[in-house]
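# Geometric and topological summary
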Amino acid sequence: MKIWLDGGLRDLDSARVSVFDHGLTVGDGIFETVKATAGKPFALTRHLDRLTRSARGLGLPDPDHDEVRRACAAVLDANPVPLARLRITYTGGHGPLGSDRGDSGTTLVVALGEAGRRPDTTAVLTVPWTRNERGAVTGLKTTSYAENVVALAHAHRHGASEALFANTVGQLCEGTGSNVFVVLDGEIHTPPLASGCLAGITRALAVEWTGARETDLPLDVLERADEIFLTSTLRDIQAVHRVDDRELPDAAGPVTAKAMRIFDERAGDDLDP
């Protein structure tokens, strides 16, 4: 396994960052997960644009897109696999043991893990914790992921692959690593960004390609939606066959199945939409 670290490829055993890296000590970092098929990244431009938005939201210097592209290409060339999760991590770099940043510059890591195709349907669980739609890092893809780790572990203990959050006013928000869509009377809806959800890359493409509407939705919409599906980089569009104790036995339903076909066709036609 070859990993890109601050300017070049390293072996797994030699790819090390400082124990004082701000991404480790206080979670002062951002990341992107990019799907790569046969060595080709999908929607990389959109991911890099979001990486920059997240950096600006944290007050980090803009990442050098040319360098990140070179890093991604080098890692993909060095680690040929059919389907991969390409992880770009960008942190505040070496810093003090506190919230103040140091002045040694940022850290860039690009790593890869082999992935498998996800099942066409899955189970999800709503969790008792909320997303803060007004927080300082709301909508940023930061490395401060402990909240998601706790929620996802809770979902796994109940036989689900994803946990879904409401926000502080009881509206449906998002999953730990996915966006959520519901079908009501044949129309596709998803929570707006104002709900506190991440501006998912696959979410944006699904909205553009299917005509989904951004709608404020109460959490209990999950109890009555005709169909439910998730979107994320490695899920693409994935139908939900169970939410909490409610079974949706016909998943993927007709609207979700059509959305899945549209996404597969459009994504196959353009690797960088």
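The text that follows walks through the structure, step by step, so that each part is easy to find.

What counts and what doesn't
Residues numbered from 1 in each chain as written. Predicted model: local features only at pLDDT ≥ 70, side-chain atom pairs only at ≥ 80, totals over all residues. Heavy atoms only, no water. Salt bridge = Lys/Arg side-chain N within 4 Å of Asp/Glu carboxyl O. Helix = DSSP H or I, 4+ residues; strand = E, 2+ residues; numbered from the N terminus. Buried < 20%, exposed > 50% of the residue type's maximum accessible area, 1.4 Å probe, protein only. Pairing = 2+ DSSP bridges. Contact = heavy atoms within 4.5 Å. Axes fitted to C-alpha atoms, helices over the stretch in contact; angles between N-to-C directions. Disulfide = S-S within 2.5 Å. Patch = residues over 30% accessible without salt bridge, like charges linked within 9 Å, V, L, I, M, F, W, Y side chains within 5 Å. Areas by Shrake-Rupley, 256 points an atom, 1.4 Å probe, with all protein chains shown as cover. Lys, Arg positive; Asp, Glu negative; His and termini not counted. Charge placed at Lys NZ, Arg CZ, Asp CG, Glu CD. Phe/Tyr/Trp six-rings, centres within 6.5 Å; stacked < 30°, edge-to-face > 60°. Lys NZ or Arg CZ within 6 Å of the ring centre and 35° of its normal. Parallel < 35°, antiparallel > 145°, perpendicular 65-115°, else oblique. Left-handed = near helix turned anticlockwise from the far one by under 90°. Core = buried A, V, L, I, M, F, W, Y, C linked by side-chain atoms within 4.5 Å.

Glancing now at the pattern of salt bridges. Using the criterion set out here, one finds 14 salt bridges in the structure. E32 serves as the salt-bridge partner of R50, at 2.7 Å between the closest nitrogen and oxygen. Taken together, the residues R50 in helix α2 (residues 44-58) and E32 in strand β3 (residues 29-37) connect sequence positions 18 residues apart. Given the relative accessible area of 4%, R50 is considered buried. Taking relative accessible area as the criterion, E32 reaches 0% and is therefore assigned buried. A salt bridge links E214 to R203; the nearest nitrogen and oxygen atoms lie 2.4 Å apart. With E214 in strand β12 (residues 213-214) and R203 in helix α5 (residues 201-210), the pair connects residues that are 11 residues apart, well separated along the chain. Judged by relative accessible area, which is 45%, E214 ranks as partly exposed. Relative accessible area serves as the criterion here: at 5%, R203 is assigned to the buried category.

We now examine the sheet that holds strand β2 (residues 8-11). The 6 strands are arranged β2-β1-β6-β5-β3-β4 in an open sheet whose pairing can be described as antiparallel. With one partner strand each, in any of the chains shown, β2 and β4 (40-41) form the two edges of the open sheet. Pairing between β3 and β4: 2 bridges, direction antiparallel. Counted as the bridge partner of A36 is P41 from β4. Set on the sheet, α2 makes contact with β3, β4 and β5 (83-91); between it and β3 the angle comes to about 175°.

Attention shifts here to the state of the cysteines. Summed over all chains, the structure comprises 0 disulfides. In this structure C173 is not part of a disulfide, and its nearest cysteine sulfur, from C197, lies 5.4 Å away.

With that settled, the discussion passes to a negative patch on the surface. On the surface, D264, E265, D269, D270 and D272 cluster together into a negatively charged patch. Tracing the sequence through the fold places D269 in helix α6 (residues 254-269). Assessed through its relative accessible area of 67%, D269 is described here as exposed.

All right, on to the packing of aromatic side chains then. The full count for this structure, using the stated rule, is 4 aromatic pairs. Considering the side-chain rings of F42 and F263, the 6.4 Å spacing of their centres and the 65° angle between planes classify their relative orientation as edge-to-face. In this pair, F42 sits in the loop between β4 and α2 while F263 sits in helix α6, placing the two residues 221 residues apart along the sequence. Aromatic pair W209 and F263: ring centres 5.3 Å apart, planes at 55°, arrangement tilted. Of this pair, W209 sits in helix α5 while F263 sits in helix α6; the two residues are 54 residues apart in sequence, bridging distant segments of the chain. Take W209 and F263: they sit in the same class, and that class is buried. Taken together, F42, W209 and F263 form an aromatic cluster joined through their ring pairs. A cation sits over an aromatic face here: R87 above F31, 3.9 Å from the ring centre.

Below, the discussion takes up the packing of α2 against helix α3 (residues 65-78). At their nearest, the axes of α2 and α3 sit 11 Å apart, and the two run at 130° to each other. Taken as axis vectors, α2 and α3 run oblique relative to one another. Considering the relative orientation of α2 and α3, their crossing is right-handed. Residues L44, T45, L48, D49 and T52 of α2 pack against H65, V68, R69 and C72 of α3.

With that out of the way, let us pick up the nonpolar core. Counting residues in hydrophobic clusters, the biggest one holds 22 residues, and the most contacted among them are W4, C72, L86, I88, L108 and V110. Looking at this core, the elements with two or more residues in it are β3, α2, α3, β5 and β6 (107-114). Element by element, the count of residues in this core is highest for α3, at 6 residues. Residues contacting W4, with those up to four places away along its chain left out, are L9, E67, R70, A71, A74, V75, L108, V109 and V110. Membership of the second largest hydrophobic core comes to 18 residues, among which are I188, V207, F263 and A267.

Structural measurements only, silent on function.
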